[in-house]
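Coordinate inspection notes
The lines below spell out each chain.
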Amino acid sequence: MNVQTKTAPLAARTPDQRLGGIIKLAIMAVGGQGGGVLTNWIEALARENGYDCQATSVAGVAQRTGATIYYIEMAPLSGGMPIFSLAPSGGDVDVLIAAEMMEAGRAIMRGFVTPDRTTLIASTHRMLAVSEKMVPGDGIADPEEVRAAAEIAAKTLIMADLDTLATRQGSVISASLFGALAGSGALPFPREAYEAAIRASGKGVEASLRAFAAGFEAAERGVEPAQVPEAPPSPTAPMVTGPKGLVAQWEALLTRVQALPGPAQEMARAGLRKVVDFQDIAYGAEYLDRVEAVLALDSAEQGHELTKEAAKYIANAMAYDDVIRVADLKTRSARFARIRQQMNAGEVMQLTEYLHPRGAEIVSLFPARLGAWFERSERRMARFDRLVNKGRRLRTDGLRGFVQLYIIGMLKKRRRGNLRHRTEMAHMTRWLDTGLGRAGSDYALAVETLRCRRLIKGYSDTHARGLSKFDRVMAAIALVEGRQDAADWARRLREAALSDEEGKALDGAIQTVRSFAEPEGA
Amino acid sequence: MAERSFKAEVEHLRKGDGDTFTGEGILALTKALLENGVGYVGGYQGAPISHLMDVLADAQDLLGELGVRYEANASEAAAAAMLAASVHYPIRGAVTFKGAVGVNVASDALANLASSGVTGGALIIVGEDYGEGSSIMQERSHAFAMKSQFWLLDPRPNLPSIVKSVGDGFALSEASNTPVMMMVRIRCCHVTGQFATRDNQRPPLTVRDALSEPRKDFSRVVLPPMSYQHEQDKVKNRWPAAETFIRENGLNEVLGPDRAKVGIVVQGGMYNGVIRALQRLGLADIHGQTEVPLYVLNVTYPLVSSEFLEFCEGKDAVLVVEEGQPEFIEQQLATYLYRAKAPVAMHGKDIFPMAGEYTGQVMLDSIESFLRQAAPDLLPGQVLAPNEPAPEIPDLSQTVPIRPPGFCTGCPERPIFAALKLVQQDLGQHQISGDIGCHLFAALPPFEVGGQTMGYGLGPASNAAFDGGGARRAISILGDGGFWHNGLSSSIGNMVYNKSDSVAVIVDNFYSAATGGQDIPSSRASNPSKATNNPIAKAVRGVGVKWVREIDRTYDVPQMRKVFEEALTTDYKGPKVIIASSECMLNRQRREKPQKAKAVKEGRRVEAPRFGVDEDICTGDHACIRLSGCPSLGLKKLDDPLRDDPIAHIDHTCVGCGNCGEVADAAILCPSFYEARVVHNPGGFERWRKGVAARAIGWLQRRREERRLVFLDQSQIEAAE
């Protein structure tokens, strides 16, 4: 506590030393996180240990998942009623508890965390704001920026995923935050006093105490490193089981992967696994043929970026999202085991799949010629659509629902002959040819062209929207081809396409491209 | 059933002489009412005064013992009208609601009450919802006191001051025959502290007693010529009586040294903020002993001229600290100085900002600036020439996302707006008006449905100009709370009478949910002291609506969508009302969770649904989130180099409402969603049947997986090791 140093060398007047004894603590949380419980504990703790204490909050609509703030002041009993503030002030907070990473950022933004005095206790977990989640691409705010700012702004910093620590103990974050507060030593109370406050509250005491202990230990560790990404897949083959003959063929394909240049290897291994899983070994060989063909156009000078991106997006293009794939994935034993484990299921678990196939998706499963015949007539398609287009809830824990999907999964054998496959392969070839055709003249543009494949994702309307965005981006890229900054524009167009659903940003970007790329009056 | 049970708090209300109360300001205030012999209490819930209503609702036994009548009024207007009991009878009455919106609604009754004048003390407790955490337009209730001439208390925000203010308010009201409004701000309502309690007092005359001897006096009726007399009475008798009472009983406080060059006039509610600024400037100690004299206005209307002028005597300058706009107090005080030809410089909103909350920083900066101008010698050297450079902290304003309030996990209103968003994708954008209540969150992303809100229960009324037909029908939203508050007459009756050709959606979630889950006439719960289970549909048909559609499970998105489409395209020309009913999930979980846990423990069969996303099937487009925004539906970054975008992910807080799956179906999004329904304590037959199915499925799975390559994912490899 060094509040007084700021105003200590007074010219005169009342340098009330007791003011330095006021501890100011703010909790910034998301509504529903239990900030009120934490506040009550801290208040009880202070009162039990010879302190005057005052807490306030702005509960109200903010508790419905919005950002909210609790504020506490305390001071040793001084024989009179201290006058406490009802709200935190910038530069005047001793302890800031942030119950979520971006709330820590908000606290720093509001000036509640300052290097001269503030202990910042922040949980690094994320509760994504709607604005982050609704972006069609990746709109998640960068926690590293908050971490970097926290390291500068806080006098003492405690950072850990206190949410996970608490949930693991069957409790909630208020308990682990309380533990971290105790472990930080920011308040002049012993650990036992904190635990007594939890016991006195009398609800879920044991779980709370376990989470408290986890938070306490986290505080002693100080700053936990940013979540280390899990170790990259080991260079040995992913573990695979199956008939001996198939495993041998798979291993033969893997040796082809090992012949690829370093940067592309990891991607090609993942890609190979994806396409073999999607269809079969022969399909995997086709995949590698395509990747190797790209490699022939590539060079080490560029770090084999083209091959790497091709390995990624060819795999995604070949393992397209069709009904057969969905049915196959949903009927696997590993999936059932995973869900049981996630749901903590005992003996009986009902499993309902929410499916809504449309006529077009069913027709795409038909042999290519038959499917094409259907597609030629809008009336025929409409009539067929009326027949099949409806929401279906399939109970895959029951035999009837399971078998329906299982049978669709069997169509995998005939997939190569169906309409969807033909369409997808034609589309892939056009895209690859366009991209690779640019490799000689503008390597960077070729790479960016391949990356546009990212725009195609989803099912039904989403898939159609993705395709249309892909087409528009590809057309706009064609306009800038030959310019020095073509690759840069391609990247910008793609990012614009991913930033909102309706494609407003993309429209803007295309307009800009047109304004300089198309001749006047064209 | 309110959101929280207040049974524990009710015990606090029983404390008596020699006890200490520890808790929130709003509860202390509730206790003070009983200590001051209140005869009847009413109000309308809303932040920040909901707890007063909730605690009293749970305190029926105690109120019965004391002979106190408690009424959960239908609206703020109804609450204010109830104070009529104090017009003729010497009974103390108190009502509460939120300012400024509640005061707006109540203003008709308040104006009549103020004209009539009162015999018994009449107290209106207003939770002034201003500044951070506020959910309403930013206005001051102060103007209502001025226009109708009732008195306004603004006590210092600590428990002893709030409690004292209640007693002062009743006494002031009785001494001046005028209703008194007491204003408590958000943080003051939730501030914790302690005060020494006194015994509760039975009202000397209960409302029950009063009924046996009815009184009337036509001079109190607001009709000419009496209303002219009321106006004269207000200024000639009641006002002077109030001033005398305020002076003689020291309702306002003068703190600090007697003689000083400068002084600060402060609304009681702003006192702590001023002291903190003075503490930070080294001019006040921990207990608020100040070097700068303060004139604390615990009564902000009327302002007592003589008292104020005495405070100003000998001072060069005074600063008025008055939060909110316009600066009513400052204008009035300036007039007093001008009329008295006083040579005192007056500052206020010339230094302080005109609008917005007076935060700690605003307070510090403004008071420092005032002292710098008016009395620099008071400021310590360090403040005059600070030597600490401000640290450079990276700017996070582009990083940190805004986080406005939104629908809770599993909210039954989410699927209504998901359906409406889908309907608009098909039929085009419509003119949509919102109302007050949780459903107004639909105006925010991801739904962006509705672009205006005109007041509680006024959703359909605010579309009246668009009610005559056109290219597309106008749609309005109304909550069940708003419906019973005012909507039945002002909105639905209005639609019927004017042959409106538009669509009104009534969101029926069984509670007044946004204010804390209080019961309303259409609540499904049985309530011992209130009549519930009055269907909205009956009321709507009763006022003459012919086209009514009821949906009893809002989560059925395809059905919701169908009904919307029907309402928007039907040939029927009159008003179309859709009543969409499903229980508020927050309250439902509070009710069901303990019941279910108990049932599982006791070995009874319980189904626990939760949703999930198949990671391999989700492609990371997030279309589902754009039709949901559910807190439990988030994103997850996969450890897969082939994937660019994070995929949808449902966490353990999911309550299995079904919106994800329904939306995926209705919008034909994707097949990623599944519902896993864990069955606790299944019966013998069920176990056997499931066992047979599981064995058959297992056989089929093995048959296929033995013939192909099966890749194990990381977790399986770990499990195998």
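Because the structure is a prediction, the values reported are computed rather than measured.

Conventions we followed
Counting starts from 1 at the beginning of each chain's written sequence and moves along it residue by residue. Naming scheme: in the order in which they are written, chains are lettered from A and ligands are numbered from 1. Reporting of local features is limited, given that this is a predicted model, to residues whose pLDDT is at least 70; pairs of side-chain atoms are given and counted only at 80 or more, and all residues count toward the totals for whole chains, interfaces and linings. By definition, any uninterrupted DSSP run of H or I lasting at least four residues is a helix, any uninterrupted run of E lasting at least two residues is a strand, and each is numbered from the N terminus. Computation of the radius of gyration draws on C-alpha atoms, with the globule rule given as 2.2 Å multiplied by the number of residues to the power 0.38. Exposure criterion: with C-beta atoms placed from backbone coordinates, a residue whose C-beta has 20 or more other C-beta atoms within 10 Å is buried, one with 12 or fewer is exposed, and one in between is partly exposed. We call two residues in contact when their backbone-placed C-beta atoms lie within 7 Å. In this description, a nonpolar core means buried residues of the types Ala, Val, Leu, Ile, Met, Phe, Trp, Tyr and Cys, linked to one another by C-beta atoms lying within 7 Å. For this classification, Asp, Glu, Lys and Arg are treated as charged, while Ala, Val, Leu, Ile, Met, Phe, Trp, Tyr, Cys and Pro are nonpolar and the rest, including Gly, are polar. By the convention used here, strands pair only if DSSP detects at least 2 bridges between them. Domain segmentation is taken from an automatic or database assignment of domains. Across the chain, each position has a pLDDT score giving the predictor's confidence in that residue, from 0 to 100. To obtain an axis, a line is fitted to C-alpha atoms, over the contacting stretch when the element is a helix, and the angle between two such axes runs from 0 to 180 degrees between their N-to-C directions. Oblique is the label for every angle not falling under 35 degrees (roughly parallel), over 145 degrees (roughly antiparallel), or within 65 to 115 degrees (roughly perpendicular). Two helices cross in a left-handed way if the nearer one is turned anticlockwise from the farther one by less than a right angle. They cross in a right-handed way if the turn is clockwise. How far a helix is expected to stretch is found by multiplying one less than its residue total by 1.5 Å. Relevant arc is that of directions from the helix axis to the C-beta atoms, nothing else.

**Here's the deal with the overall build of chain A**
Helix and strand content of chain A: 24 helices and nine strands. Here chain A has a C-alpha radius of gyration of 30 Å; the compact-globule value for 522 residues is 24 Å, and the former is much larger. Viewed in the frame of its principal axes, chain A has a C-alpha envelope of about 95 × 65 × 50 Å. For chain A, with 522 residues in total, the buried portion stands at 51%. When contacts within chain A are restricted to residue pairs at least 6 apart in sequence, long-range pairs at least 24 apart make up 68% of them.

**Points about the nonpolar core**
Membership of the largest hydrophobic core comes to 314 residues, with the highest contact counts inside it found for A:Leu96, A:Leu120, A:Ala150, B:Trp151, B:Val274 and B:Val505. The biggest single contributor to this core is helix α7 (residues 101–116) of chain B, with eight residues. Residues within four places of A:Ala150 in sequence aside, it is in contact with A:Ala104, A:Ile108, A:Leu120, A:Ala122, A:Leu157 and A:Met159. In terms of nonpolar packing, the next biggest core, distinct from the first, is built from 52 residues, A:Trp250, A:Val294, A:Leu450 and A:Leu493 among them.

**Digging into the interface of chain B and chain A**
Interfaces are often described in size by the accessible area the parts lose on coming together. Taken together, the contacts link 107 residues of chain B with 129 residues of chain A. Residues belonging to the side of chain B that touches chain A are distributed by class as follows: 53 nonpolar, 29 polar and 25 charged. Sheet topology places strand β7 (residues 240–241) of chain A next to strand β24 (residues 710–711) of chain B; two bridges connect them, and they run antiparallel. Its bridge partner lying in β24(B), A:Val240 is registered against B:Phe711.

**Regarding the domain arrangement of chain B**
What the domain assignment lists for chain B is domain 1 (18–200 + 216–248), domain 2 (253–380), domain 3 (414–587) and domain 4 (603–716). The distance between the C-alpha centroids of domain 1 of chain B and domain 4 of chain B comes to 55 Å.

**Re the confidence of the model for chain A**
Residues and elements named next belong to chain A. When pLDDT is averaged along chain A, the result is 91; 93% of the residues meet or exceed 70. In this model, residues 1–12 is a region of pLDDT below 50 whose contacts with residues beyond four sequence positions or in other chains number 21 contacts. In this model, residues 228–237 is a region of pLDDT below 50 whose contacts with residues beyond four sequence positions or in other chains number seven contacts.

**So, the domain arrangement of chain A**
Segmentation of chain A into domains returns domain 1 (3–8 + 19–221), domain 2 (244–308), domain 3 (323–419) and domain 4 (438–517). Distance between the C-alpha centres of domain 2 of chain A and domain 3 of chain A: 29 Å.

**Section: the packing of helix α12 (residues 281–297) of chain A against helix α13 (residues 305–318) of chain A**
All names here are of chain A. α13 packs onto α12 with a crossing angle of 150 degrees between their chain directions and a minimal axis gap of 9 Å. Relative to α13, the element α12 is oriented roughly antiparallel. Regarding α12 and α13, the two cross each other, and that crossing is right-handed. Residues Tyr283, Tyr287, Arg290, Val291, Val294, Leu295 and Leu297 of α12 form the contact with α13, whose own contacting residues are Leu306, Thr307, Ala310, Ala311, Ile314, Ala315 and Met318. Taken together, the residues of the contact of α12 with α13 break down into 12 nonpolar, one polar and one charged.

**Observations regarding the sheet that holds strand β9 (residues 392–395) of chain A**
Pairing is antiparallel across the open sheet formed by four strands, whose spatial order is β9(A)-β8(A)-β23(B)-β20(B). Across the chains shown, the open sheet's two edge strands, defined by having one partner strand only, are β9 of chain A together with β20 (606–613) of chain B. This sheet shows a mean twist of 25 degrees between the axes of neighbouring strands, independent of strand direction. Taken together, the four bridges between strand β8 (residues 348–355) of chain A and β9(A) define a ladder with antiparallel strand orientation. Bridged to A:Tyr354 within β9(A) is A:Arg393. Each of β8 of chain A together with β20 and β23 (673–680) of chain B is contacted by helix α23 (residues 659–666) of chain B, which is oriented at about 145 degrees to β23(B), the strand it contacts most.

**Notes on the pairing of strand β7 (residues 180–185) of chain B**
Residue and element names in this part refer to chain B. In terms of residue burial, β7 counts as a mostly covered element, since six of its six residues are buried. By the alternation rule, side chains of β7 split into Val180, Met182 and Val184 and Met181, Met183 and Arg185, which are all buried. Summarising the sheet, strand β5 (residues 122–128) and β7 pair through six bridges and their orientation is parallel. Along β7, the bridge assignment pairs Leu123 with Val180. Here strand β6 (residues 151–153) pairs with β7 via three bridges, running parallel. Each residue of the ladder has a partner; that of Leu153, found in β7, is Met182.

**Overview of the sheet that holds strand β4 (residues 95–98) of chain A**
Residue and element names in this part refer to chain A. Strands sit in the order β2-β3-β1-β4-β5-β6 across an open sheet of six strands; the sheet is mixed. What marks the edges here is a single partner per strand, and that holds for β2 (51–57) and β6 (156–160). Strand-to-strand twist across the sheet, computed as the mean angle between neighbouring axes with direction ignored, equals 10 degrees. On top of the sheet, helix α2 (residues 35–48) reaches β1 (23–30), β2 and β3 (67–76); it is set at about 165 degrees to β2, its chief contact.

**Some points on helix α10 (residues 244–258) of chain A**
All names here are of chain A. Look at α10: 21 Å from first C-alpha to last across 15 residues, which is about the 21 Å you get at 1.5 Å a residue. Those residues of α10 lying buried are Trp250, Leu254 and Val257. Down the axis of α10, the buried set is contained in an arc of 45 degrees. They therefore lie on one face. Among the exposed residues of α10, those pointing more than 90 degrees away from its buried face are Lys244, Gly245, Ala248, Ala252 and Thr255. At its buried positions, α10 is contacted by β7, α11 (262–278) and α12.

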